[in-house]
Amino acid sequence: MDRRKFLTRLSVTLGGIAASIISIPVLGSLLAPLLSPVPQKWRKIGSVESYEAGKTVLVKFQDASPLPWAGTTAKTAAWLRKNSDTEFIAFSVNCTHLGCPVRWIPGSELFLCPCHGGVYNKDGSRASGPPPKGLNHYPVRVNKGNVEILTSPVPITNITS
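Just so we're clear, the structure is a prediction, and the values are computed from it rather than from any experiment. (Residues numbered from 1 in each chain as written. Predicted model: local features only at pLDDT ≥ 70, side-chain atom pairs only at ≥ 80, totals over all residues. Heavy atoms only, no water.)

1. Focus on the confidence of the model for the protein chain
- Predicted confidence across the protein chain gives a mean pLDDT of 85, with 89% of residues reaching 70 or more.
- Counting contacts from residues 155-161, a segment whose pLDDT is below 50, to residues more than four positions away or on other chains yields 14 contacts. (pLDDT = per-residue confidence, 0-100. Contact = heavy atoms within 4.5 Å.)

Given below as C-alpha cells:
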C-alpha cells in the first residue's frame, strides 16, 4: 500500500469515528423527548390566606425532576397573582423572547424584561417589545387550603401557556 492510499483510509476512518461520536448525543437529544415523558409534579407554595387578593408575588419552588446533584439549579420560581379567594394565576419568570428573568413593577402593574425591553401586562399578555407572545403560565390549583403549582422541568417551553 502506498502512502496516498494509507492516508486516505486513515482520514476516512478517523472522520467516520468523529462523525459517530458527534452523532450519538445529537440523536439522543432528538429522540429523548419522544422516549421519555415530561415529568410534572404539584408543588405546594403556601396557604391561600398567605396571599393578598390583587397582589403579584414571587414564589420559589423545586423543579419537577431535580437530580440529586442539582443543588441550587433545582430551584425555580414563578410570579403568582391572587385574583380571588379561589382563583390564582402563575406566570413563568422568564421572558418569551430569549428567556431573561422578568421583573414585576407594582406601581405600573407591568412585567418588564431588562434584556431587550419586553413589556407584559398584569395578566401576562404581551404589551410591547420583542417578545412574540405573552408569558407562559403554570397550572395552579387550591388543594386543602394550599396553593399548588404544577411544575415542569426546564426548559420552560414545556409549560403550557
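2. Structural notes on the packing of aromatic side chains
- Taken as a whole, this structure holds 5 aromatic pairs when the rule is applied.
- Ring geometry for W104 versus F111: centroids 4.7 Å apart, planes at 55 degrees, classification tilted. The residues W104 and F111 share a single accessibility class, namely buried.
- Its end group placed over the ring of W42, R141 keeps NZ or CZ at 4.1 Å from the ring centre. (Phe/Tyr/Trp six-rings, centres within 6.5 Å; stacked < 30°, edge-to-face > 60°. Buried < 20%, exposed > 50% of the residue type's maximum accessible area, 1.4 Å probe, protein only. Lys NZ or Arg CZ within 6 Å of the ring centre and 35° of its normal.)

3. Quick notes on the sheet that holds strand β10 (residues 140-143)
- As summarised here, the arrangement of the 3 strands in space is β1-β11-β10, forming an open sheet in which the pairing is antiparallel. Taken across any chain shown, the strands that pair with only one partner, and hence form the sheet edges, are β1 (41-47) and β10. The sheet shows a mean angle of 35 degrees between the axes of neighbouring strands, direction not considered.
- Where β1 meets strand β11 (residues 146-151), 6 bridges bridge the pair, whose relative direction is antiparallel. (Pairing = 2+ DSSP bridges. Helix = DSSP H or I, 4+ residues; strand = E, 2+ residues; numbered from the N terminus. Axes fitted to C-alpha atoms, helices over the stretch in contact; angles between N-to-C directions.)

4. Describing the side chain of T96
- Residue placement: T96 occurs in the loop between β4 (88-92) and β5 (103-105).
- We classify T96 as buried; its relative accessible area is 15%.
- Of the polar contacts made by the side chain of T96, one reaches the backbone oxygen of K133; its length is 2.8 Å.
- Apart from residues lying up to four places away in sequence, T96 is in contact with Y120, P131, P132, K133, G134, L135 and N136. (Polar contact = N/O pair within 3.5 Å; in protein donor to acceptor, adjacent residues only side chain to side chain.)

5. Things to note about the sheet that holds strand β6 (residues 110-112)
- Across the sheet, which stays open at both edges, the 4 strands sit in the order β5-β6-β7-β8 with antiparallel pairing between neighbours. Taken across any chain shown, the strands that pair with only one partner, and hence form the sheet edges, are β5 and β8 (126-128). Strand-to-strand twist of the sheet, defined as the mean angle between neighbouring strand axes without regard to direction, takes the value 35 degrees.

6. Describing the environment of T76
- Within the element layout of this structure, T76 appears in strand β3 (residues 75-82).
- In sequence terms T76 and T151 are 75 residues apart; their C-alpha atoms lie 9.3 Å from each other.
- Those residues within four positions of T76 in sequence are excluded, and the remaining contacts are V59, K60, F61, D63 and Y138.

7. A short note on the pattern of salt bridges
- Enumeration according to the criterion identifies 2 salt bridges in this entry.
- We note a salt bridge from E109 to K122, for which the minimum N-O separation is 3.4 Å. Taken together, the positions of E109 in the loop between β5 and β6 and K122 in the loop between β7 (119-121) and β8 put the pair 13 residues apart, joining distant regions of the chain.
- Relative accessible area serves as the criterion here: at 35%, K122 is assigned to the partly exposed category.
- Between R141 and E148 there is a salt bridge; the shortest N-O distance is 2.6 Å. (Salt bridge = Lys/Arg side-chain N within 4 Å of Asp/Glu carboxyl O.)

8. Describing unusual backbone geometry
- Despite not being glycine, E109 has its phi angle at roughly 55 degrees, a positive value.
- For E109, a relative accessible area of 30% gives the class partly exposed.
- A positive phi angle, close to 55 degrees, is found at K144, a residue other than glycine.
- Note on K144: relative accessible area 80%, which makes it exposed.

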